Every structure is written in C-alpha cells, then in structure tokens.
Amino acid sequence: MAGRALSFGAVAEVYERFRPGYPAELFDTVTAYAGRPVRTALEIGAGTGKATRLFARRGVAVTATEPDEAMLAELRRHVPASVRTVRAAFEELRPAVRYGLVYAAAALHWTEPEGRWPRVAALLEAGGVFASFGGPFRLADPAVAQAVRAARAPFLGSDEIPSPDGTPPEHDMQWPGTELQRSEWFTDVRQSVLARRSTMSAADYVSHLSTVSAYLVLPAPEREQVFHRILRVLPDRVDMTADLTVHLARRRAAD
C-alpha cells in the first residue's frame, strides 16, 4: 500500500485532467453538518487540489498537505493564492494550530492506521468537524464492466482499494465511519451518499485508469498491455458512476 500511495506523482498532470472534481453539494453537506461557518480547514493528502478548490473558493482558509512534490506543484497551479500548501504526509504533521474542519478527499485510506484518530483530533478545535469522502469510479453497464474485468484479469484481479478494516460492502456503515463510531475522540458519526454520473470516451476512460494506483504499480510493459486489452473491449463512449460516500464526525468537546 505504501508504494501505491506514492505512485501518483509521475502522472500528476494526467491525474488533474482525468480525475473528476467535487460538486457544490458536497460543500453544502459538510457545512450543514457543521452547523456554523467553517472558516479554517486542513486537508489530508490534497493531491492536485480537486477538493481544495471547492472549499477555498467558498471562503474557507485551507491548508493543503500532500507528501508528493509533483502533485503539490500541480495543485499550486489550480488553487486560489489564499491556499497554504505544506509538503508532508499526514503522520508528519505537528499541530501548531487547530482547525474548524479537517478533511480527506479519497486519501484517508493512505494514512497509517496506528494513531490515526488521535492525530486527527489533535488538529481539530473542540466541536470541529472531520469529513472523509470518496468512492470508486465504475462503469455503469454491467456487461462492459465484466468485459473490462476479463481483459485485465491476466494482470490484475481488482483495481479498487479494499475496505481498510474489512467492513463488507453490504454493511450499513462503511469505513471510516466504522472506526469513527468506535473512536473515543468523535461523536455524531454520519454517512451519506451523493450521486455522480458522467459519460466519457473510451480513450478518456483508459486515461483515467492510468491515474489509478493499481495500474501505476504494474511494470510498464504490463501496464501498456492491460490498457490495450481494455481499450479493445470498450464501446466508443462509456457511462460512469462515481458516487461519493461522505462520512462526517464531530470532535468531542473534552480534551
């Protein structure tokens, strides 16, 4: 997993182009839960700033942290000048101030499990909000999805990240909500889903796959073969589902 976590820098520009952004509805969901204006935020694993710009452009003073210099450089090209950037992994952060919001956009699974929640809590004001959101980018047509699975099978069984705590997909509460519910640091854990749909060309879909860690860590010759095999079984355009699962929790008031 550590190798996959640090695999994105080589494709930072492609990542920025082909990964989907985040809808205004997400900002509304987070701020409605907060119940008060969110003025400051720290982002864990900001990548190229897809979520950073959503919050920063709505007046939140965002500190964006990201361990990969190439990803951070791409982020700096796209976010408002008000965003403070820090090259650091989550585990390297040493809290000097506390924030009203700490959030992770499709990045929390890359953090170390040991001490994760005390670290998040140490970054939050009492009553502050933690948010984690993300979800798989999937082909909507089951027949096309099956054809792609068969095409990649000689090289890769799955291209998704399994639940970090083993929660089965049919469980009502998914990770990280499951861990947040057990944590002494957080309360009022909620889970919701925001629908995202899109249509893209077959070539753009394969370009998106080229930003997925499961493919990035394959040897280059195998990666090219699997992309060629996938492209051959795709129609000219593909429908996608990219629903966002949003987890929210509140920092307990007592230290």
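Rules of the game
- Residues numbered from 1 in each chain as written.
- Predicted model: local features only at pLDDT ≥ 70, side-chain atom pairs only at ≥ 80, totals over all residues.
- Heavy atoms only, no water.
- Core = buried A, V, L, I, M, F, W, Y, C linked by side-chain atoms within 4.5 Å.
- Buried < 20%, exposed > 50% of the residue type's maximum accessible area, 1.4 Å probe, protein only.
- Helix = DSSP H or I, 4+ residues; strand = E, 2+ residues; numbered from the N terminus.
- Contact = heavy atoms within 4.5 Å.
- Axes fitted to C-alpha atoms, helices over the stretch in contact; angles between N-to-C directions.
- Parallel < 35°, antiparallel > 145°, perpendicular 65-115°, else oblique.
- Left-handed = near helix turned anticlockwise from the far one by under 90°.
- Nonpolar A, V, L, I, M, F, W, Y, C, P; charged D, E, K, R; others polar.
- Salt bridge = Lys/Arg side-chain N within 4 Å of Asp/Glu carboxyl O.
- Pairing = 2+ DSSP bridges.
- Right-handed = clockwise from strand over helix to strand, strands pointing away.
- Phe/Tyr/Trp six-rings, centres within 6.5 Å; stacked < 30°, edge-to-face > 60°.
- Lys NZ or Arg CZ within 6 Å of the ring centre and 35° of its normal.

Enquirer: Describe the nonpolar core, with residues and values.
Expert: Counting residues in hydrophobic clusters, the biggest one holds 29 residues, and the most contacted among them are Tyr22, Leu26, Phe55, Leu101, Tyr103 and Phe133. At the level of elements, α3 (24–34), α4 (50–56), β2 (61–66), β4 (99–105), β5 (124–134) and β10 (244–251) are the ones that each hand at least two residues to this core. When residues in this core are grouped by element, the largest group, five residues, is from α3. Discounting residues that sit within four places of it in the chain, Phe55 has contacts with Phe27, Val30, Val60, Val62, Leu101, Tyr103 and Phe133. By size, the runner-up hydrophobic cluster in this structure holds 24 residues, among which are Phe137, Val148, Phe155 and Leu234.

Enquirer: Describe in detail the packing of helix α9 (residues 202–209) against helix α11 (residues 220–233), supporting the description with residues and values.
Expert: Across the interface, α9 lies against α11 with an axial gap of 10 Å and an inter-helix angle of 150 degrees. The angle between α9 and α11 places the two elements in the roughly antiparallel class. For α9 against α11, the interelement crossing comes out right-handed. Where α9 approaches α11, its residues Ala202, Ala203, Tyr205, Val206 and Leu209 are matched on the opposing element by Phe227, Ile230 and Leu231. Here the contact of α9 with α11 is built from residues that sort into eight nonpolar, no polar and no charged.

Enquirer: How would you sum up the pattern of salt bridges? Please name residues and give values.
Expert: Scanning all chains against the criterion turns up 13 salt bridges. In this structure, Asp159 and Arg152 form a salt bridge, with 3.5 Å as the shortest nitrogen-oxygen distance. Residue classification places Asp159 among the buried positions, given a relative accessible area of 15%. Between Asp243 and Arg197 there is a salt bridge, and its shortest N-O distance comes to 2.4 Å. Taken together, the residues span a long stretch of sequence, with Asp243 in the loop between β9 (237–241) and β10 and Arg197 in strand β8 (residues 197–201) at a distance of 46 residues. Judged by relative accessible area, Arg197 falls into the exposed class, the value being 56%.

Enquirer: Any chance you could break down the pairing of strand β3 (residues 84–87) for me, citing the residues and the numbers?
Expert: The sheet contact formed by β2 and β3 spans four bridges and is parallel. Residue pairing in the sheet places Thr65 in a bridge with Val86 of β3. You can see the chain leave β2, run along helix α5 (residues 69–76) and come back into β3, and the turn it takes is right-handed.

Enquirer: Give a detailed account of the sheet that holds β3, specifying residues and quantitative values.
Expert: The strand order across the open sheet built from seven strands is β3-β2-β1-β4-β5-β10-β7, with neighbouring strands paired in mixed fashion. Since the sheet does not close on itself, it has two edges, and those belong to β3 and β7 (186–194), each with one partner. Strand-to-strand twist across the sheet, computed as the mean angle between neighbouring axes with direction ignored, equals 20 degrees. Where β4 and β5 come together, six bridges link them in parallel fashion. Note that in β5 the partner of Leu101 across the bridge is Val129. Across the sheet, α5 lies against β2 and β3, angled at about 170 degrees from β3, the strand it touches most. The strands that helix α6 (residues 116–123) touches are β1 (40–44), β4, β5, β7 and β10; relative to β5, the one it contacts most, it runs at about 125 degrees.

Enquirer: Outline the packing of helix α7 (residues 142–152) against α11, listing residues and values.
Expert: Where α7 contacts α11, the two axes come as close as 9 Å, and the packing angle between them is 150 degrees. Comparing the axis directions of α7 and α11 gives the class roughly antiparallel. Note on packing geometry: the crossing formed by α7 with α11 is right-handed. Taken together, the residues of α11 that come into contact with α7 (itself represented by Ala147, Val148, Ala150, Ala151 and Arg152) are Val226, Arg229, Ile230 and Val233. The class makeup of the residues in the contact of α7 with α11 is seven nonpolar, no polar and two charged.

Enquirer: Help me get a handle on the packing of aromatic side chains, residues and values and all.
Expert: Enumeration over the complete set of coordinates arrives at nine aromatic pairs. A network of ring pairs unites the aromatic residues Tyr22, Phe27, Phe55, Tyr103 and Phe133 as a single cluster. A cation sits over an aromatic face here: Arg58 above Phe27, 5.7 Å from the ring centre. In this arrangement the basic side chain of Arg250 is found over the ring face of Tyr33, its NZ or CZ atom lying 4.4 Å from the centre.

Enquirer: Describe the sheet that holds β8, listing the residues and the values that go with them.
Expert: With respect to topology, three strands assemble into an open sheet ordered β6-β9-β8, the strand pairing being antiparallel. Single-partner strands in this sheet number two, and they are β6 (138–139) and β8. The pairing of β8 with β9 spans five bridges and is antiparallel. Bridging across to β9, Ser201 finds its partner in Arg237. Against the sheet, α9 touches β6, β8 and β9, its axis set at about 105 degrees to β8.

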